[in-house]
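In case you want the letters, here they are:
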Amino acid sequence: MVKFGLRLSQNRAPEYPPEAYMDYDKLKEIIHELKKKKLARVDSTTREVSLTAPPPTNAAGRQLTADDSPVTEEDFYSTIDKELAKVESFTLQQVTELRKQIDNVENEVKGWVTSTTATAATSSTGHKMNESQIESSRESADTVAKSFLILEKYVNINFMGFHKILKKHDKNSPQHQCKQFYINRMHQQAWVRGDYSDVVVRLSNIYSALRDDHAAEENKDGGQQSFLRSTTKYWVRTEDVSKVKYAILKHLPVFLQKTSTGESDSQLTNSVYFDNDQLELYHGRLDKTPGAIAYRLRWYGAGNPKLVFCERKTHRDTWTGEASVKERFTVDESEVKQVLNDKYPIDEKRKEMQSKKGATADEVDDWETLVREMIQVVQVKQLVPTMRTQYMRTAFQIPFDATVRISLDTNLCMISERGYDTLGGAKWFRDPEKPLADNEITRFPHAVLEVKLELGGANAEPPQWVTDLQNSGMLYEVHKFSKFIHGCAALLPEYVRSVPYWVDDASIRDSILRSGGGRILVKQDHDTGVGPGANEVYDHLLPFGNVKEPRLDAKGRTANTSSLVKGVDESPAKGAVATAEQYYADADVTEEEMLNSTLRGCCEDTCAGWMFPFCSGYNDDILTPTSVQKIEPKIFFANERTFLHWLHSGVTLYTIAAGILAFASDANSMTAHWYAMALLPISLGFCLYALHLFLWRSEKIKTRIPGRWDDSRGPLILGTTLCCVLFINFVMKCKEIRKYNNLLGYEL
């Protein structure tokens, strides 16, 4: 394991002077000096002193307060205070310079946009943007973005350094522990708590202007909105959030949010999920029961809600030809109680929609059906507030264009909505002013990224930049991850009968333990490190491994990522970094070099692989994508039919060969015997290949690892061998016929 002092020196940005970083070695030397002193401790239980009695002494006869060493605890405190101030000052200085650079890029872009617009207004032939100016502005924006990511890496490495040095201090000086004090203090300083989302917003506007984005035509669907989506969810480590944002905003604009301080790239989102005492909706969504619903009330923005979205999500199995759907309608906050108590004035709202909003009869009928169904389900299933999710959502989308929509949820936490009186529906979310106990809130350690695609065709491919992002190593696909399911499992462990597979992941174990959900986790010394269920069968689903075999430094893997070999060297380049490009290589996710280094050592099927069962594709040394292949029930029977077809071909060849050997005459039968003996091993090869293919594909079906489940080499090799034998037999037969005709005096 690389010591942090060496890691700090290796990860210094070449643009920054070494003295801009915290002096880790100096603080470490002070701790070692303090450790050597080992002074006797003063009796802390004595509460009286005498002004005339001598002070207590140690074994050497010196006063306990005497200090022969020039290094004291005050030296450590003053040094770390100076280091904190130095890092904060440097960070704020760099942020100021970055904002000035953004101002220059914005003025440059506005200048040529204005000039091209004026040219278009005075020219009948239209206008064309200057490609050289666009490329120059794009390079300037890229430079600013990369500088910002380098600054973030600078902040992270120093933040980690202070954590480690304070931990080392408390370990060596347990009587003077100060880590918690300084950690709280750091979180109050601008270099840690500062919100620089305005940089993201301004960069997004610049890239949008360079792309010349245009809003698509608005699809007005009345009060009810139905969504049919192809959604994939990923975990993103906190340290990679800014990199992911930068990778996306180069292709999609940030959906700006209005706040009290201006425009921001994120918006606070609250969702209260409803369920009954048996957690019927939770278990239905967890088991993916056809028709299982999720019922929630959502509002956006800080403070008390004003406009509330009543939403219902219904699960459908895609292999049946149906798609899951999300439906919603909006109500005022004062009307939520009426919805929950079946007193919502549907008839009045119906007339209002027709008269004021101009909705058609079909739209009003659909809205009324949805409202009545959602009101009814609350009464029938006795639903009450159960779980609330809260996070800051950043949305990326071209307005009214649903082709690619991406949302990134940070600062994600789940809050239990159990344990307070709802007052007959008057209260439907917990009072935010009251403090929460540890077992009433769980903070998720990762950000959650959702990629929603509507490609307009079953065979349409996503844009290349989306594929590059998925292959960047920063996204960890988590199959069917749900905030609602995770919150219920972590905060209501005594009510759940089963838990999702991802609770066994090593990276979220501590957050579950802090919220009191330890009973859903396996013990630290468990034999397999996972609980009963999917992880016992599919050992590739956990992005960061389990408690027994953690992989906290693993690269991100998705269904589009090739399998990765364990133990890939993820450490930075040996020695000091030479160039900014090398230092920044892991930040620019669009570069192919990162993908190539991520996939270093990938295992591919080879001719030797398909010849032996379970050697092809994936094995114990491979980290496979953290997702499962969707399969239909009939695929099991298809595998059996394929096995029988291959076996039938092998048996047929064997029967032909045995017949030739049995009925060939002893005289002049060398060719027949040779032909039969050549067919026998080929027929045996067909049978062995059929057995191997059946077992290999059965393992693929069992593990459901995404990828190709066909074999392109085996049939080619067997077919080529059989054709060669038939061709040789044909040539030899022709020679025999020609020889026989020559003996009879005929010409062939």
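Residues numbered from 1 in each chain as written. Predicted model: local features only at pLDDT ≥ 70, side-chain atom pairs only at ≥ 80, totals over all residues. Heavy atoms only, no water.

## Quick notes on a positive patch on the surface
So, point 1. Residues Arg7, Lys35, Lys164, Lys167 and Lys171 make up a contiguous surface patch of positive charge.
So, point 2. Sort the elements by how many residues they give to the positive patch and helix H4 (residues 131-172) lands first, with three residues.
So, point 3. If you trace the backbone, lysine 167 turns up in helix H4.
So, point 4. Overall, lysine 167 belongs to the exposed group, its relative accessible area being 57%. (Patch = residues over 30% accessible without salt bridge, like charges linked within 9 Å, V, L, I, M, F, W, Y side chains within 5 Å. Areas by Shrake-Rupley, 256 points an atom, 1.4 Å probe, with all protein chains shown as cover. Salt bridge = Lys/Arg side-chain N within 4 Å of Asp/Glu carboxyl O. Lys, Arg positive; Asp, Glu negative; His and termini not counted. Charge placed at Lys NZ, Arg CZ, Asp CG, Glu CD. Helix = DSSP H or I, 4+ residues; strand = E, 2+ residues; numbered from the N terminus. Buried < 20%, exposed > 50% of the residue type's maximum accessible area, 1.4 Å probe, protein only.)

## Looking at the packing of aromatic side chains
So, point 1. Applying the stated criterion across every chain, the model contains 26 aromatic pairs.
So, point 2. Taken together, the ring pairs in this structure connect Trp235, Phe444, Phe481, Tyr501 and Trp502 into an aromatic cluster.
So, point 3. The positively charged end of arginine 418 is found above the aromatic ring belonging to tyrosine 495, 5.5 Å away from the centroid.
So, point 4. Taking the ring centre of tyrosine 391 as reference, the NZ or CZ of lysine 483 above it sits at 5.1 Å. (Phe/Tyr/Trp six-rings, centres within 6.5 Å; stacked < 30°, edge-to-face > 60°. Lys NZ or Arg CZ within 6 Å of the ring centre and 35° of its normal.)

## What about the pairing of strand S12 (residues 447-453)?
So, point 1. Of all seven residues in S12, seven are buried; the element is thus mostly enclosed.
So, point 2. The alternating pattern of S12 places Ala447, Leu449, Val451 and Leu453 and Val448, Glu450 and Lys452 on opposite faces, both of which are buried.
So, point 3. Bridge count between strand S2 (residues 230-236) and S12: seven bridges; the pairing is antiparallel. Paired with tryptophan 235 across the two strands is valine 448, which belongs to S12.
So, point 4. With six bridges connecting them, strand S10 (residues 404-416) and S12 associate as antiparallel partners. In the sheet register, arginine 405 faces S12, and the bridge partner there is lysine 452. (Pairing = 2+ DSSP bridges.)

## A few points about the nonpolar core
Most often, soluble globular proteins have nonpolar side chains that are buried together.
So, point 1. Ranked by internal contacts, the top residues of the largest apolar core, which has 75 residues, are Phe76, Tyr154, Ile248, Ile406 and Leu449.
So, point 2. For this core, the leading source of residues is H4, giving 15 residues.
So, point 3. Excluding residues within four positions of it along the chain, isoleucine 248 makes contact with Phe396, Ile406, Leu449, Trp465 and Leu469.
So, point 4. In this structure, Tyr273, Val478, Ala489 and Tyr538 belong to the second largest nonpolar core, which totals 33 residues. (Core = buried A, V, L, I, M, F, W, Y, C linked by side-chain atoms within 4.5 Å. Contact = heavy atoms within 4.5 Å.)

## Digging into the confidence of the model for the chain
So, point 1. When pLDDT is averaged along the chain, the result is 80, and 79% of the positions lie at 70 or above.
So, point 2. Within the model, pLDDT remains below 50 along residues 562-623, and this stretch shows 113 contacts once partners closer than five positions in the same chain are excluded. (pLDDT = per-residue confidence, 0-100.)

## Some details on the environment of tyrosine 154
So, point 1. With respect to the helices and strands, the residue tyrosine 154 is situated in helix H4.
So, point 2. Residue classification places tyrosine 154 among the buried positions, given a relative accessible area of 0%.
So, point 3. Taking the C-alpha atoms as reference points, tyrosine 154 and threonine 91, 63 residues apart in sequence, are found 8.5 Å from one another.

## Examining a nonpolar patch on the surface
So, point 1. A cluster of nonpolar side chains, Trp674, Phe727, Ile728, Phe730 and Val731, forms an exposed patch at the surface whose accessible area comes to about 480 Å².
So, point 2. Considering every element that reaches the nonpolar patch, the biggest residue donor is helix H22 (residues 714-744), with four residues.
So, point 3. Locating valine 731 in the fold gives a position in helix H22.
So, point 4. Classification of valine 731 by relative accessible area gives partly exposed; the value is 31%.

## Points about helix H14 (residues 483-491)
So, point 1. The buried fraction of H14 amounts to nine of the nine residues, a majority that puts the element mostly inside the structure.
So, point 2. With a side-chain oxygen lying 3.4 Å from the backbone nitrogen of phenylalanine 484, the N-terminal cap of H14 falls on serine 482. (Polar contact = N/O pair within 3.5 Å; in protein donor to acceptor, adjacent residues only side chain to side chain.)

## Here we look at the packing of helix H7 (residues 197-211) against helix H8 (residues 241-249)
So, point 1. Look at H7 against H8: their axes get within 10 Å of each other, and the N-to-C directions meet at 20°. As summarised for this structure, H7 and H8 are arranged roughly parallel, according to the angle between their axes. Relative to H8, H7 is oriented so that their crossing is right-handed. Residues Val200, Leu203, Ser204, Tyr207 and Arg211 of H7 pack against Lys245, Tyr246 and Leu249 of H8.
So, point 2. Counted by class, the contact of H7 with H8 contains five nonpolar, one polar and two charged residues. (Axes fitted to C-alpha atoms, helices over the stretch in contact; angles between N-to-C directions. Parallel < 35°, antiparallel > 145°, perpendicular 65-115°, else oblique. Left-handed = near helix turned anticlockwise from the far one by under 90°. Nonpolar A, V, L, I, M, F, W, Y, C, P; charged D, E, K, R; others polar.)

## So, the packing of H4 against H7
So, point 1. Where H4 meets H7, the closest approach of the two axes is 10 Å, and the angle between their N-to-C directions is 160°. Between H4 and H7, the angle is such that the two are roughly antiparallel. Pair H4 / H7 crosses with left-handed handedness. Between H4 and H7, the residues in contact are Ile134, Ser137, Arg138, Ala141, Asp142, Val144, Ala145 and Phe148 and Val199, Leu203, Ile206, Tyr207 and Leu210, respectively.
So, point 2. The class makeup of the residues in the contact of H4 with H7 is 10 nonpolar, one polar and two charged.

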